Structure formats: structure tokens, C-alpha cells
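Commentary on secondary and tertiary structure
Listed below are the residues making up each chain.
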Amino acid sequence: MTTTTEVRPAGMRILSWFGIVVLLGLGVPLTGMGLLGLHTTLGRGFLCAGLVLLVAAVGGVAREVVELQVRRDPPRARLATLDGEGALHLPRATGPTLVSSGLLAGLAAVAALGAVFAALDEGWLWTIALGLVAAWLGWSSAIHLGGRFAGGLWLTPTRLRHEDRGVAVEVPWDDVTGVVPQQPMPVLVRPDRTPTTTRTGPRGRAWKPVTDSGTLRVDTRYLAGGSTLASYVIAKAVAEPASRPVLGTRDSLPPA
């Protein structure tokens, strides 16, 4: 079985680099004009606008760098323990999550700077609004959680657990009816059962992992082995219940 860690196609990466060039082309002169006119309200506005563009450009470059690293050295399946139970852990690469957290934290810092500038100009409505934006972005960044925020997929003899962007979902094997090997990867759940969902991070970064029909959607981008490995292990556990006790042992690890 050939496994891969799924990342964006080449065409999307080319568009990303084009966007980075545009952001730098606009951000650098705006920041320069803002620094030259820092003593004026217009200059401070230019500075904040330029910094927003530069932070976005730096975030784009960082994302391309970490994705290159993921392609060269993808995360690997490993053995772990989940609530005292052995588990096969398919971790998600932490780099992309750290980049997005850093980007939000950087934008929060720019918003806070804008709030300071607005206060100096006695624009109290702008001060409050930008202060609230800075607080929300800083809280949503979850930068204090570091790489733990990336989550991953844990497969134990009794259940599967998926964590992503501050939401954890657990489903017992007896409630799982199938899986579709694609991105995002739908894990089919019995219609009369509801997966257990727990929030582990800020609401601002979380997505809705469980659909209204009860299907669990697993984002397999940057996941060890991608949808190929995850869907294979899940499908085998569903079709062959006798294979579940192996999960969390060396025999459950894919070939090196």
C-alpha cells in the first residue's frame, strides 16, 4: 500500500506565489510611506495597511516553506496511548497550523497598533473596534497551544478519535459503517448514533467536523499517510472486527 501526505496541487502553489508577490509589491511601498508620514493620521493608516499586507505575505511564504518541508519529510504513523488504551496515531504536520496561528497573531498585533494610533487621534470608536478585532484575532490564533492544535487521528481497539482546529470527535467502532477514501475523508456513522464532540480550542478556528447526517469529515491534508492509510485502517476495522485489537501494537504500523 502506497501512502502519501496530501498537500495542495502545483497550480494552487503557483497562484499562491503570485499572490505573495502582489502583496509584497503593495505592502512595501505602503509601509514606507507610512513610516515617512508617521506623524500624520494618513501616514499611520498607510503604515497599518502596509503591515497587514506584509504580514499576509510573510504568512504565505512561511506556508510554502512548511509545505515543502512536509513533502520532503511527511509525518509518520506512530504508536501512542489514548486514555490508557493503545492507539495507532496518525499525526497531522504541525507546520501549517503554526503558520496560520502566527499569521493570526501577527494580524492581531497590527490591529492593536491601529487601536493605539486611533487612541492618539482620539478616535474612540475606531479604538474600541480595532481593540476588539485584536483581542478576537489573538484569542483565535491559539498560538499558546503550539503544535498541539494540529491534532490528528487516533485509532484504538474500541474507537477512533479525530482532533482538528480545536474540535475532538470520538466514535466507537460499532457506530462506524464505512469510509470514503478522498479529501476530506467522510467516515460514515450509523444514523441513529451521534459522535461525541468536544471543543479543545477557541471557537474562531474550529470548523464543523460532523455533518447534519452524522458523517464525520476528516481533513486528511498533512495527515500521516493521507486518506489512503487512514481509510485503509478504518475500512479494515469495520469489515474485520477481529483486527481491531491489533490497533496500537507494532503490527498496526504501516511498512516503513
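Cut-offs applied
Residues numbered from 1 in each chain as written. Predicted model: local features only at pLDDT ≥ 70, side-chain atom pairs only at ≥ 80, totals over all residues. Heavy atoms only, no water. Helix = DSSP H or I, 4+ residues; strand = E, 2+ residues; numbered from the N terminus. Buried < 20%, exposed > 50% of the residue type's maximum accessible area, 1.4 Å probe, protein only. Contact = heavy atoms within 4.5 Å. Areas by Shrake-Rupley, 256 points an atom, 1.4 Å probe, with all protein chains shown as cover. Salt bridge = Lys/Arg side-chain N within 4 Å of Asp/Glu carboxyl O. Core = buried A, V, L, I, M, F, W, Y, C linked by side-chain atoms within 4.5 Å. Pairing = 2+ DSSP bridges. Axes fitted to C-alpha atoms, helices over the stretch in contact; angles between N-to-C directions. 1 Å grid on protein atoms, 1.4 Å probe; cavity = no way out; pocket = protein on both sides within 12 Å on 5 of 7 lines; lining within 4 Å. Points joined across faces, edges and corners; volume = space filled by probe spheres on them. Nonpolar A, V, L, I, M, F, W, Y, C, P; charged D, E, K, R; others polar.

This part covers the overall build of the chain. Each helix and strand in the chain was counted, giving 5 helices and 9 strands. In terms of principal-axis extent, the alpha carbons of the chain reach across some 75 × 35 × 30 Å. In the chain, buried positions account for 45% of the 256 residues. The long-range share in the chain, meaning contacts at least 24 apart out of those at least 6 apart in sequence, stands at 69%. Total accessible area on the chain stands at roughly 13100 Å², and carbon and sulfur atoms take up 65% of it.

The next subject is the environment of Ile234. With respect to the helices, strands and loops of the structure, Ile234 is situated in helix α5 (residues 226–239). Classification of Ile234 as buried rests on a relative accessible area of 0%. Sequence spacing of Ile234 and Val187 is 47 residues, and the spatial spacing of their C-alpha atoms is 8.4 Å. When near neighbours in sequence (up to four residues on either side) are disregarded, Ile234 contacts Leu153, Leu155, Leu160, Trp173, Val176, Val179, Met185 and Val187.

Where charged atoms from two side chains of opposite charge come close, those side chains can pair. This model, assessed by the stated rule, comprises 16 salt bridges. Put simply, Arg161 and Glu170 hold a salt bridge, and the shortest N to O gap is 2.7 Å. For the pair Arg161 and Glu170, one class covers both residues: buried.

This paragraph deals with the nonpolar core. Soluble globular proteins tend to pack their nonpolar side chains together in the buried interior. Formed by 26 residues in total, the largest nonpolar core has its most connected members in Leu90, Leu155, Leu160, Val187 and Ile234. Examining the composition of this core, we find that 5 residues originate from one element, α5, more than from any other.

In terms of strand pairing, strand β1 (residues 78–82) meets strand β2 (residues 85–91) through 5 bridges, oriented antiparallel. Each residue of the ladder has a partner; that of Ala80, found in β2, is Ala87. With antiparallel pairing between neighbouring strands as the criterion, β1 and β2 make up a hairpin whose turn holds 2 residues, including Asp83 at a positive phi of roughly 55°.

In space, the 6 strands of this open sheet follow the order β1-β2-β3-β4-β5-β8, with antiparallel pairing throughout. Since the sheet does not close on itself, it has two edges, and those belong to β1 and β8 (196–199), each with one partner. Taken pair by pair, the neighbouring strands of this sheet meet at an average axis angle of 25°, ignoring direction. Contacts from α5 reach β2, β3 (152–155) and β4 (159–164), with the element oriented near 25° to β3.

What follows covers the layout of surface pockets. There is about 430 Å³ of room inside the largest pocket. Taken together, 18 residues line the largest pocket, and the ones lying closest to its centre are Arg63, Pro96, Thr97, Ser100 and Tyr222. Sorting the residues of the lining of the largest pocket by element identifies α2 (41–72) and α3 (95–120) as the ones contributing at least two each. Considering each element in turn, the lining of the largest pocket owes the most residues, 5 residues, to α3. Across the lining of the largest pocket, the residue classes break down as 7 nonpolar, 4 polar and 7 charged.

Relative to the helices and strands, Gly95 resides in helix α3. The class for Gly95 is buried, based on a relative accessible area of 18%. Considered as a pair, Gly95 and Gly147 are 52 residues apart in the sequence and their alpha carbons are 7.5 Å apart.

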